[in-house]
Amino acid sequence: MNRLNQLPLLRLLIPFIVGIICAVYFSFRQDVALYLFALFFVSYLVLTTIKKINSNYKLRWLFGVHIYSLFFLLGIVITQLKTTNQPTLTNLNNQLVIGEIAEPPAKKDKIVKCVLEVKGAKTNENWTSIEGKTILFIEKDSLAESLQVGDLISFQPDFKDVPEPKNPLEFDYKKYLSFHLIKQQAFLKTNNWTLINQHETFDMFVYADKLRQQLIANLQKFGLTNNELGVASALILGYKNNIEAQLKSAYSSAGAMHVLAVSGLHVGIVFMIFNVLLNFLDKIKYGSLIKGLLLVLILWFYALITGLSPSVLRSASMFSFVIVGKAFNRNSNFFNTLSLSALCLLVYDPFLIFDVGFQLSYTAVAGIVLIQPWFDSFYEPKNWLAKYIWGLITVSIAAQIATFPLGLYYFHQFPNYFLLSNLIVIPLALFILVLGLTTLAFSFIPQVAIYLGLGLKWVVFSLNWSVTTIDKLPFSVTNQIKFTITDTILIYLIITSIILLIAYRKFYYFLMFSFLTIGLLSLTAYDKYHLLNQRKFIVYNIPKHTAINFIDGDDNILVTDEKLHKTKNKLMFHVQNNWIDKGVETEKIVNIEQLKKTHLLSNIYKIDNKNLFTKNNYFQFYNKQVAIVDNNIIPFRPTNKIQVDYLIWTKNCRLTLNQINTMVNFKFLIIDSSNSNYTNTKLVNEAEQLNVVYWSILKQGAFSIDV
């Protein structure tokens, strides 16, 4: 194992990353960060000129403090520069705007989603140059479907800020887009935009996208269709839009999702192929330099046509540094090379540090380099096949150890058969990549390419069949795992302490491991105790639906309509993260329609929870009373008004608040998301006139209280 003093670039990378994170989550005045950076830089230069300090070994820490501070401040400054002068696009509403399609459009059922680079806006007959990014949702038609990267369009937008998540712990799309410097979005109908012209001037990114589309068309021409075409396009060219959601889920559950993202594996294969093909250059003068230059160009061209994902950027940059070092007969420490590639990418785009693919890519490589040799030393196979299989096993285990904390934190699941899937998937993926590149290389000879395409189709079919079969095995995946950022940090510290203990055999590393493990177990036990005593009442924001959640310890009762229950994916998108965080069991569904039918038949609707009672549209959860108002309510004048704590207004009930007030005495009105905007606005106005305390789910998001 290398000591940290042999890894100067890694030591500089750490404060740089800390600076980026601090710039994102804490507010710093840009001028203050710049002044501090200049102050430390000048101070460092002064220290180097003072001989008594410069030559005193005991004062070397002064230089270390200055260098680390400089890189910390550099991380802050670069991040701030990226976010400075980003225009507020809502100021351009009702003006004529011109923009360029920046990424391949994604075609949905009724819309085409585009990332647009705004180029300018027309105000008072004058054009103003503006730079900014936005998301456009364009009504789907033949013209919208024909849009490509580089096309210029003009439109009169109604830009709106990307909304905050409306449910507890729901995926924060606003934060995700902010890391891509996008803050506004707009919806365009068919007659609200015009295609000015399709991109005609040369642009490297536009050319790469068109070339990738042409290569995908070639694969289709040579016999690949449906899921075979989708997986081949993803695995060879990094284009994942053609893969069905169900198949993606199978790859994820089987622990094979990494083969669908072009990464170091794919870039490494391309490097090996062309490294062999260009071996003849080693025999001529300056041949190693020419070969190195060609290899770098080939790798970056491949990275370009595969979409420049974070994993490809990491791999291409790392291989580039290795190639350059080899061309000049220089060998450097692998972790220095890895750190240099990360540093260069983060200087270019500091927000890459928040990209899940970037994090998984670097941790996987670091884990393989650090951990795999240790596993490899356990056993020395005698023949090439055993060596290959043992190598796959050790690499898979090492990569899984390095990445599973991130996988649990982001995806809350663990693929139990990851070892089995990697033994099958990786060889097939290698074969598909080589065969796919060969098929594309022979595309100008259709008589050959058609047979290569047929072989490719069957190999991809075999890969898909293997993955779906593994996914269907019993206990193929452990999901719904609660895993916090604290758990993630502690697990990585525990893994680090184990590596240090194995490498150095020092007792204090054992103590470090012991204390960290005890700390993790203690936090887990405390969290479990807290969750078992929780009592929550939640009304979710799921447009056009009612969703009322009673959580009692780990018991999970959801009151909803039949239509939402049948569209499970839609339901889980809004509530899954919250349920995982609350540590609840599988939901018990109380169907509102069925509830009414049951009562009409004079039967009792039983809910398997002693603390929740229901009758008609009335619920009592511990000491809280909840009533649901819908169009089945018939106005009447009771002798004694019904007393409830919370009144939930649903399904555009046609009654007025005054009419309900004659029947029900309530403390708090909740207007749920099954109501239209019109009904919501009408009720809000009525509530304000009557001084009723209310909560609008559509406007304010989900309602949640501890009972």
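Up top is the structure.
Throughout what follows, the structure given in this document is the object of discussion. Since this is a predicted model, take the numbers as computed values, not measurements. (Residues numbered from 1 in each chain as written. Predicted model: local features only at pLDDT ≥ 70, side-chain atom pairs only at ≥ 80, totals over all residues. Heavy atoms only, no water.)

What follows is about the overall build of the protein. The helix and strand tally for the protein stands at 25 helices and 21 strands. The principal-axis extents of the C-alpha atoms in the protein amount to approximately 105 × 65 × 60 Å. Scored against the burial criterion, the 707 residues of the protein give a buried share of 44%. Within the protein, residue pairs in contact and separated by at least 24 positions form 64% of the contacts whose partners lie at least 6 positions apart. Accessible surface computed for the protein: about 37600 Å², of which carbon and sulfur atoms make up 61%. Each charge class in the protein can be summarised by its mean position, and for the 63 positive and 45 negative side chains these summaries are 6 Å apart. (Helix = DSSP H or I, 4+ residues; strand = E, 2+ residues; numbered from the N terminus. Buried < 20%, exposed > 50% of the residue type's maximum accessible area, 1.4 Å probe, protein only. Contact = heavy atoms within 4.5 Å. Areas by Shrake-Rupley, 256 points an atom, 1.4 Å probe, with all protein chains shown as cover. Lys, Arg positive; Asp, Glu negative; His and termini not counted. Charge placed at Lys NZ, Arg CZ, Asp CG, Glu CD.)

On to the packing of helix α10 (residues 264-277) against helix α16 (residues 418-441). Running from N to C, α10 and α16 point in directions that differ by 50°, and their axes come no closer than 11 Å. Relative to α16, α10 is oriented oblique. Relative to α16, the crossing made by α10 is right-handed. Contacts between α10 and α16 involve Leu265, His266, Ile269, Val270 and Ile273 from the first element and Leu430, Leu433, Val434 and Leu437 from the second. Residues that form the contact of α10 with α16 fall into these classes: 8 nonpolar, 1 polar and no charged. (Axes fitted to C-alpha atoms, helices over the stretch in contact; angles between N-to-C directions. Parallel < 35°, antiparallel > 145°, perpendicular 65-115°, else oblique. Left-handed = near helix turned anticlockwise from the far one by under 90°. Nonpolar A, V, L, I, M, F, W, Y, C, P; charged D, E, K, R; others polar.)

The next point concerns the pairing of strand β19 (residues 664-671). Across the 8 residues of β19, 6 count as buried, placing the element largely inside the fold. Relative to β19, strand β18 (residues 642-649) runs parallel, the two being bridged by 7 bridges. Counted as the bridge partner of Ile648 is Ile670 from β19. Traced from β19 through helix α24 (residues 677-689) to strand β20 (residues 694-696), the parallel crossover comes out right-handed. (Pairing = 2+ DSSP bridges. Right-handed = clockwise from strand over helix to strand, strands pointing away.)

This part takes up the sheet that holds strand β17 (residues 624-629). Strand order across the open sheet formed by 6 strands is β15-β16-β17-β18-β19-β20, with mixed pairing between neighbours. The outermost strands of the open sheet, each flanked by one partner alone, are β15 (612-615) and β20. Taking each pair of neighbouring strands and ignoring which way they run, the sheet shows an average axis angle of 25°.

Turning our attention to the packing of helix α13 (residues 334-348) against helix α14 (residues 356-376). Two elements in contact, α13 and α14, have axes separated by 11 Å at closest approach and are oriented at 175°. Classified by the interaxial angle, the pair formed by α13 and α14 is roughly antiparallel. Each of Phe334, Phe335, Leu338, Ser341, Ala342, Leu345 and Leu346 in α13 lies in contact with α14, whose residues at this interface are Phe358, Tyr362, Val365, Ala366, Val369 and Leu370. Grouping the amino acids of the contact of α13 with α14 by side-chain chemistry returns 12 nonpolar, 1 polar and no charged.

Sheet architecture is open: 5 strands sit in the order β14-β13-β12-β11-β21, paired in mixed fashion. With partners counted over all chains shown, the strands left at the sheet margins are β14 (588-591) and β21 (703-706), one partner each. When strand polarity is set aside, the average angle formed by the axes of neighbouring strands in this sheet is 15°.

The subject of this paragraph is the nonpolar core. Of all hydrophobic cores here, the largest spans 53 residues; its most connected members are Ile236, Leu237, Tyr251, Ile432, Leu456, Leu463 and Val467. Elements that contribute at least two residues to this core include exactly α7 (204-221), α8 (226-237), α9 (245-253), α10, α11 (287-305), α12 (310-327), α16 and α17 (446-472). For Val467, the contacting residues outside a window of four places in its chain are Ala250, Tyr251, Ala254, Ala256 and Val425. Leu13, Phe335, Leu345 and Phe351 belong to the second largest nonpolar core, which has 23 residues in total. (Core = buried A, V, L, I, M, F, W, Y, C linked by side-chain atoms within 4.5 Å.)

Take α11 next. Structural remark: α-helix, 3.6 residues per turn; residues separated by three or four positions point the same way. For α11, which comprises 19 residues, the first-to-last C-alpha distance of 27 Å matches the rise-based estimate of 27 Å (1.5 Å per residue) to within 8%. Looking at α11, one finds that the buried residues are Gly287, Lys291, Gly292, Leu295, Val296, Leu299, Tyr302, Ala303, Leu304 and Ile305. (Expected span 1.5 Å × (residues − 1).)

Right, let's get into a nonpolar patch on the surface. A cluster of nonpolar side chains, Trp384, Leu385, Tyr388, Ile389, Leu420, Leu423, Ile424 and Leu473, forms an exposed patch at the surface whose accessible area comes to about 700 Å². Counting only elements with at least two residues in the nonpolar patch, the list comes to α15 (384-411) and α16. Per-element tally for the nonpolar patch: the top contributor is α15, with 4 residues. The topology assignment puts Ile424 in helix α16. (Patch = residues over 30% accessible without salt bridge, like charges linked within 9 Å, V, L, I, M, F, W, Y side chains within 5 Å. Salt bridge = Lys/Arg side-chain N within 4 Å of Asp/Glu carboxyl O.)

With that out of the way, let us pick up the side chain of Glu228. Take Glu228: it is sitting in helix α8. Look at Glu228: it is buried, it has no salt bridge, and the nearest opposite charge is Lys457 at 5.6 Å. When near neighbours in sequence (up to four residues on either side) are disregarded, Glu228 contacts Lys457, Val460, Phe461 and Asn464.

With that out of the way, let us pick up unusual backbone geometry. In this model, Asn226 sits at a positive phi of 50°, which is unusual for a non-glycine residue. On the secondary structure map, Asn226 appears in helix α8. The exposure class assigned to Asn226 is exposed, which follows from its relative accessible area of 62%. Although it is not a glycine, Lys544 adopts a positive phi angle of roughly 75°. Relative to the elements of secondary structure, Lys544 occurs in the loop between β11 (535-539) and β12 (547-552).

Summarising the element assignment, Thr662 is placed in the loop between α23 (657-661) and β19. Take Thr662: its relative accessible area is 30%, and that puts it in the partly exposed class. Along the primary structure Thr662 and Asn640 are separated by 22 residues, whereas in three dimensions their C-alpha atoms are 9.8 Å apart. A distance of 2.5 Å separates a polar side-chain atom of Thr662 from the backbone oxygen of Gln659. (Polar contact = N/O pair within 3.5 Å; in protein donor to acceptor, adjacent residues only side chain to side chain.)

Next up on the list: the pattern of salt bridges. All chains considered together, the criterion is met by 12 salt bridges. Where Lys140 meets Glu145, a salt bridge forms, and the shortest distance between an N and an O atom there is 4.0 Å. On the basis of relative accessibility, which here comes to 30%, the residue Lys140 falls in the partly exposed class. Each of Lys482, Asp527, Asp581 and Lys582 takes part in one network of salt bridges that share partners.

So, on to the packing of aromatic side chains. Here the structure, examined in full by the defined rule, presents 32 aromatic pairs. Their ring planes at 65° and their centres at 5.8 Å tell us that Trp695 and Phe703 sit as a pair that is edge-to-face. Joined through ring pairs, the aromatic side chains of Phe537, Phe550, Phe619, Phe621, Tyr622, Tyr646, Phe668, Trp695 and Phe703 make up one cluster. Above the plane of the ring of Tyr348 lies Lys82, whose end atom (NZ or CZ) is 5.3 Å from the centre. (Phe/Tyr/Trp six-rings, centres within 6.5 Å; stacked < 30°, edge-to-face > 60°. Lys NZ or Arg CZ within 6 Å of the ring centre and 35° of its normal.)

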